[in-house]
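Chain by chain, the residues run as shown.
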Amino acid sequence: MRLILSLVGLGLLLAACDTGTEERNAVASTRTVQRPYQALPPGTVARGTAARQAALEPPGPEPTPQLLARGEERFRVFCSPCHGISGRGDGTVVSRGFAPPPSYHEERLRGLTPEQIVQVITHGKGRMFPYADRVPPEERWAIAHHVKRLQERDADAPEASEAGTP
Ligand code: HEC
């Protein structure tokens, strides 16, 4: 009887282990999305820093068709999960309970310059995490110009709306 009880106990323990592992994986993948900007570890030779800083100075790279295409692609990867494909703040993360961001089509956000959008990507804002560790400077400009284009497009078609699935 004792043996059976301990076997059952062991089985329960092992089952518990399995569940634990699955949960940790789920949490870990969420953290990848929400990881805040991490400073360089001490001792890192900051070789590209000046160049990176210069790359953030306005006016940034020329918004060529290639840059805009890259911006759209990167926006869909990094921003649309919350902001939605058309920037209305209706991305899939929001539908799962994350605080909804304001629509890019609100008057105040329409007034943002590409430089200010680059700043938000670099430093985050309020509940939004910074994306400096995942989006290099040129792509920040590309995304910022794409956001400006979304805002212009919306002015032409105010009723258009899509769900924000990347
Ligand atoms: C995890 C969800 C999430 C992601 C991903 C995200 N944002 Fe945000 N964003 C927010 C939230 C929430 C706010 C509102 C922040 C606040 O005011 O507290 C916001 C605000 C903003 C604003 C408005 C800032 C202002 O002046 O009020 C801009 C611009 C912006 N985000 C751009 C971006 C860009 C570009 C990306 C992609 C690189 C991005 N966001 C990715 C959640 C997100």
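Computed from a predicted model, the values in this text were never measured in an experiment.

*Asks:* An account of the coordination of the iron atom of the ligand is needed here, citing residue identities and associated values.
*Replies:* The protein atoms that coordinate the iron atom of the ligand are His83 (NE2) and Met128 (SD), at distances spanning 2.0 to 2.1 Å. Around the iron atom of the ligand, the six donor atoms are arranged such that angles at the metal cover 85 to 177 degrees; this shape is classified as octahedral. Of the two residues, histidine 83 is situated in helix α4 (residues 80–83) and methionine 128 in the loop between α7 (114–123) and α8 (137–156); the sequence distance between them amounts to 45 residues. For methionine 128, a relative accessible area of 28% puts it in the partly exposed group.

*Asks:* Report on unusual backbone geometry, specifying residues and quantitative values.
*Replies:* Excluding glycine, residues mostly carry a negative phi; peptide bonds, for their part, are mostly trans. Note the cis peptide between proline 58 and proline 59, where omega equals 5 degrees. Assignment of secondary structure puts proline 59 in the loop between α2 (49–56) and α3 (65–78).

*Asks:* Could you give me a rundown of the packing of aromatic side chains, with the residues and numbers involved?
*Replies:* What the rule picks out here adds up to two aromatic pairs. Seen in terms of ring centroids, phenylalanine 75 and tyrosine 104 are 6.1 Å apart; in terms of plane orientation they differ by 55 degrees. Their pairing is tilted. Here phenylalanine 75 is found in helix α3, whereas its partner tyrosine 104 is found in the loop between α5 (92–95) and α6 (107–110), with 29 residues between them in sequence.

*Asks:* Just give me the short version of the layout of surface pockets, but keep the residues and values in it.
*Replies:* One way to see where empty space is left: roll a probe the size of a water molecule over the atoms. When its volume is computed, the largest pocket comes out at roughly 700 Å³. Looking at the lining of the largest pocket, the elements with two or more residues in it are α1 (2–34), α4, α6, α7 and α8. Of the residues forming the lining of the largest pocket, the biggest block, four residues, is contributed by α7. Looking at the lining of the largest pocket residue by residue, the class counts come to 21 nonpolar, five polar and three charged.

Cut-offs and rules
- Residues numbered from 1 in each chain as written.
- Predicted model: local features only at pLDDT ≥ 70, side-chain atom pairs only at ≥ 80, totals over all residues.
- Heavy atoms only, no water.
- Donors = N, O, S within 2.8 Å, 3.2 Å for Na, K, Ca; no water.
- Tetrahedral: all angles 85-135°; square planar, octahedral: opposite > 155°, others 65-115°.
- Helix = DSSP H or I, 4+ residues; strand = E, 2+ residues; numbered from the N terminus.
- Buried < 20%, exposed > 50% of the residue type's maximum accessible area, 1.4 Å probe, protein only.
- Phe/Tyr/Trp six-rings, centres within 6.5 Å; stacked < 30°, edge-to-face > 60°.
- 1 Å grid on protein atoms, 1.4 Å probe; cavity = no way out; pocket = protein on both sides within 12 Å on 5 of 7 lines; lining within 4 Å.
- Points joined across faces, edges and corners; volume = space filled by probe spheres on them.
- Nonpolar A, V, L, I, M, F, W, Y, C, P; charged D, E, K, R; others polar.

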